[in-house]
Amino acid sequence: MIGTSPTDPPSEVPSRTVHVITHGCQMNVHDSRRIVQVLAGLGYRETPDPAGADLVLINTCSVRARPENKVLGTLARLRPLKEFRPGMRLAVCGCVAQQHGQDLLDRVPWLDLVFGPDRIPDLPRMIRELDEGGRVAATGMDDPEDYRFLEVDPSSEPGPTAFVTVTKGCNRFCSYCIVPFVRGREASKPLDLLVREVRGLVAAGVREVTLLGQNVNAWGRGLPGDPRFADLLETVSAIPGLRRLRFVTSHPADAEDRMLDLFGRLPNLAPYLHLPVQAGSDAVLQRMHRGYTVAHYLGRLERVRRACPDIALSTDVIVGFPGETREDFEATLALVQEARFDGMFSFAYSPRPGTAAARWPDDVPAPEKAVRLAEVQSLQDAISASRMARYRGREVEVLVEGPSRDATRVREGIGDRRGEVQGRSGTNVPVHFRSDLPADQVRGRMARVRVDEVLAHSLRGTLVQWEET
Ligand code: SAH
Ligand code: SF4
Ligand code: F3S
């Protein structure tokens, strides 16, 4: 396993532009940053305008049918652009690219390049082939021992928060999930590389780091000395200047006591845990190959709440899995009721080609899936509202990210927010408040804020004081 540093720009490179469209999860957001970083070494600058770009790249997601279809829509939209400017190159990468490879290139004649997530380091060679007039499909996957983690270039992460990959791939093979097929076998980033990366980011002004992986708890398997994820959290949290540490995603079967107990012990470990449960019926969990029972899952929540009573918890739920009866679904409602999550992402089951569950009849009709989805979401909305209410009148610690965005104002249906700044609480809730300093001077600073107003998905408050820097 080797760490590859970003290539220095060659001195004689033509200046070209790239526009990147990113679908899917944080893993893709992160990969898009790495792609831009590798392309910068080839003389490419990022542009917000697809119409003028020399290269347009779509980073895709195939976790459910709907996001997968989105790429075909985007490709159709970009077709006239390509016809207008034949010199423009169009590329698809990410999980759909990995899954369909050459097939996609054959089906979409106006597409030039298709490459999977493991092939990002090969971009220089692939771009050369495009320059020579070729069309390229590259979907080979690396063995975990040979996997090349790309080191983050701190200058490419200009904000106060950053993501750092700790594992790639997934070996769990939940029966519904395509991720192990499109992201390949699990590999852990070596500790020295990780520490160097986080130190570099902190030196560049990053205050909050989120460790990223499909199953971060698997970190350490296959590394010398067989370290555990808890060891990694302890090491990274001790890096001077790192104010907040977060991680996604944890798997309940691998969420060990030692890791959960750290929430009470490491002062900069943010009190927020995303722990996907997927279903509240043991029979369904078993068919999903999740490797835990409802009792085990609730035991994990109890343990982490004992360590850190105020922790915010969120989860993922799938409704309409093959064979899910009304009783199974009601068990999910009962679990959601008991767990009192702060937030939940819920999805209608979508069969994915090649997965174990795709061989079973997709027997919950689509309208019934929609009913169950609405039911579980409205239950959670009520619980989320009562969890949010606890913030009223409280003081929260906010890491300021910048000026309040208009989008929040529109979504929350509230009045004028100009002059306000926005950040997140340790529990991961967006907080807005009026700053006594210009927004560009407070980015990356921590503030204590008293909450005056609780909105559906955010808080609004009054500055109490800035933390000394
Ligand atoms: N690695 C993470 C998340 C993987 S994908 C984990 O293990 O939890 C994010 C979420 O998408 C999953 O948690 C699951 O709830 C949902 N999902 C995955 N495959 C799905 C499918 N075939 N149909 C519906 N939802 C799915
Ligand atoms: Fe998919 Fe399961 Fe791996 Fe998560 S743990 S990525 S749901 S196979
Ligand atoms: Fe989607 Fe791939 Fe992430 S399938 S959820 S973009 S790992």
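Here the structure is a predicted model, which is why all the values come from computation and not from measurement.

Visitor: Quick question: what am I supposed to make of the overall build of the protein chain here?
Guide: Within the protein chain, the regular secondary structure consists of 14 helices and 21 strands. Across its three principal directions, the C-alpha atoms of the protein chain cover 60 × 60 × 50 Å. Scored against the burial criterion, the 469 residues of the protein chain give a buried share of 55%. Nonlocal contacts in the protein chain, meaning residues at least 24 apart in sequence, comprise 73% of its contacts between residues at least 6 apart. If you sum the accessible surface of the protein chain, you get close to 20000 Å²; carbon and sulfur atoms cover 52% of it. Averaged over its 61 positive side-chain charges, the protein chain has a centre that lies 2 Å from the centre of its 62 negative ones.

Visitor: Quick question: what am I supposed to make of the environment of Val 63 here?
Guide: Of note, Val 63 is situated in the loop between strand 4 (55-60) and helix 2 (65-84). For Val 63, a relative accessible area of 27% translates into the label partly exposed. Through-space distance from the C-alpha of Val 63 to that of Ser 350 is 8.4 Å; in sequence the pair is 287 residues apart. Once residues within four sequence positions are removed from consideration, Val 63 is found in contact with Ile 178 and Arg 352.

Visitor: It is not clear to me how the sheet that holds strand 15 (residues 312-319) should be interpreted in this structure. Could you clarify?
Guide: What holds strands together in a sheet is hydrogen bonding between their backbones, with the strands either parallel or antiparallel. An order of 14-15-16 is seen for the three strands of this open sheet, with the pairing classed as parallel. A strand with exactly one partner marks an edge of an open sheet, and here the two such strands are strand 14 (272-274) and strand 16 (343-348). For this sheet, the mean inter-axis angle between neighbouring strands, taken without regard to orientation, is 10°. Sheet analysis places strand 14 next to strand 15, joined by three bridges and oriented parallel. Note that in strand 15 the partner of Leu 273 across the bridge is Leu 313. Across the face of the sheet, helix 12 (residues 366-389) comes into contact with strand 15 and strand 16 while running at roughly 175° to strand 16.

Visitor: Would you take a moment to explain the domain arrangement of the protein chain for this structure?
Guide: What the domain assignment reports for the protein chain is domain 1 (2-143), domain 2 (152-270), domain 3 (272-390) and domain 4 (395-466). A C-alpha centroid distance of 24 Å is found between domain 2 and domain 3. At the junction of the two partners, domain 2 supplies 24 residues and domain 3 supplies 30 residues. For the pair domain 2 and domain 3, the summed buried area comes to about 2200 Å², and 61% of that belongs to carbon and sulfur atoms. Together, Ser 175, Tyr 176 and Pro 252 form the three largest contributors to the area buried by domain 2 at its contact with domain 3, with a combined 34%. Run the count over domain 2 and domain 3 and you get three salt bridges. Between Asp 257 and Arg 300 there is a salt bridge; the shortest N-O distance is 2.8 Å. The interface formed by domain 2 and domain 3 holds 13 residue pairs in polar contact (both at pLDDT 80 or more) in total. In terms of residue count, helix 8 (residues 257-265) provides more of the side of domain 2 that touches domain 3 than any other element does, five residues in total. Broken down by class, the residue content of the side of domain 2 that touches domain 3 amounts to 14 nonpolar, five polar and five charged.

Visitor: Honestly, the pairing of strand 17 (residues 395-403) in this entry has me stumped. Any pointers?
Guide: Taken residue by residue, a regular strand's side chains alternate between the two faces of the sheet. In terms of strand pairing, strand 17 meets strand 20 (residues 446-454) through five bridges, oriented antiparallel. Its bridge partner being in strand 20, Glu 397 is matched across the sheet by Arg 448.

Visitor: How do you make sense of the site of ligand 1 when you look at a structure like this?
Guide: Around ligand 1 sit 15 residues in total, of which Tyr 176, Gln 214, Gln 278, Asp 316 and Ser 350 are the nearest. Tyr 176 places a main-chain nitrogen or oxygen 3.0 Å from a nitrogen atom of ligand 1. In the model, a nitrogen atom of ligand 1 is placed 2.7 Å from a nitrogen or oxygen of the Gln 214 side chain. Compared with its free state, where it exposes 530 Å², ligand 1 has 89% of that area covered by protein. Counting only elements with at least two residues in the shell around ligand 1, the list comes to strand 15 and strand 16. Residue composition of the shell around ligand 1, by class: seven nonpolar, four polar and four charged. Shared between two domains, the shell around ligand 1 takes at least three residues from each, and those domains are domain 2 (152-270) and domain 3 (272-390).

Visitor: Can you help me understand the packing of helix 6 (residues 191-203) against helix 7 (residues 229-237) in this one?
Guide: Packed helices, taken two at a time, are described by the angle between their axes plus the distance between the axes. Remark: helix 6 packs on helix 7, axes separated minimally by 10 Å, with the N-to-C direction vectors making an angle of 35°. Our pair here, helix 6 against helix 7, has a crossing hand that is right-handed. Only Leu 232, Thr 235 and Val 236 of helix 7 make contact with helix 6, whose side of the interface consists of Leu 191, Leu 194, Val 195 and Val 198. When the residues that make up the contact of helix 6 with helix 7 are grouped by side-chain class, the tally is six nonpolar, one polar and no charged.

Visitor: Just to check I follow, could you spell out unusual backbone geometry for this structure?
Guide: Trans peptide bonds make up the majority, and among non-glycine residues the majority have a negative phi. The peptide bond linking Val 248 to Thr 249 adopts the cis configuration, its omega dihedral lying at 0°. Summarising the element assignment, Thr 249 is placed in the loop between strand 13 (244-248) and helix 8. Phi is positive for Gln 278, close to 75°, though the residue is something other than glycine. With respect to the helices and strands, the residue Gln 278 is situated in the loop between strand 14 and helix 9 (282-287).

Visitor: I keep staring at helix 6 and nothing clicks. Help me out?
Guide: The periodicity of an α-helix, 3.6 residues per turn, causes residues three or four positions apart to be oriented the same way. Helix length check: helix 6, at 13 residues, gives a terminal C-alpha distance of 18 Å against a target of 18 Å (1.5 Å per residue), a fit within 8%. Along helix 6, the positions that sit buried rather than exposed are Leu 193, Leu 194, Val 195, Glu 197, Val 198, Leu 201 and Val 202. Once helix 6 ends, the next one or two residues include Gly 205, with phi positive near 110°.

Visitor: What is the right way to read the pattern of salt bridges from this model?
Guide: Opposite charge on two side chains permits them to pair, given that their charged atoms come into close proximity. In this structure the tally under the stated criterion is 45 salt bridges. A salt bridge links Asp 122 to Arg 125; the nearest nitrogen and oxygen atoms lie 3.9 Å apart. The shortest N-O distance in the salt bridge between Arg 243 and Glu 397 comes to 3.7 Å. Highlighted residues: Arg 243 in the loop between helix 7 and strand 13 and Glu 397 in strand 17, separated in sequence by 154 residues. With relative accessibility at 27%, the residue Arg 243 sits in the partly exposed group. A single salt-bridge network, built from bridges that share partners, covers Arg 119, Asp 122, Arg 125, Glu 129, Asp 142 and Arg 148.

Conventions and cut-offs
- Residues numbered from 1 in each chain as written.
- Chains lettered and ligands numbered in written order.
- Predicted model: local features only at pLDDT ≥ 70, side-chain atom pairs only at ≥ 80, totals over all residues.
- Heavy atoms only, no water.
- Helix = DSSP H or I, 4+ residues; strand = E, 2+ residues; numbered from the N terminus.
- Buried < 20%, exposed > 50% of the residue type's maximum accessible area, 1.4 Å probe, protein only.
- Contact = heavy atoms within 4.5 Å.
- Areas by Shrake-Rupley, 256 points an atom, 1.4 Å probe, with all protein chains shown as cover.
- Lys, Arg positive; Asp, Glu negative; His and termini not counted.
- Charge placed at Lys NZ, Arg CZ, Asp CG, Glu CD.
- Pairing = 2+ DSSP bridges.
- Axes fitted to C-alpha atoms, helices over the stretch in contact; angles between N-to-C directions.
- Domains from an automatic or database assignment.
- Buried area = accessible area lost by both parts, 1.4 Å probe.
- Salt bridge = Lys/Arg side-chain N within 4 Å of Asp/Glu carboxyl O.
- Polar contact = N/O pair within 3.5 Å; in protein donor to acceptor, adjacent residues only side chain to side chain.
- Nonpolar A, V, L, I, M, F, W, Y, C, P; charged D, E, K, R; others polar.
- Near = heavy atom within 4 Å.
- Left-handed = near helix turned anticlockwise from the far one by under 90°.
- Expected span 1.5 Å × (residues − 1).

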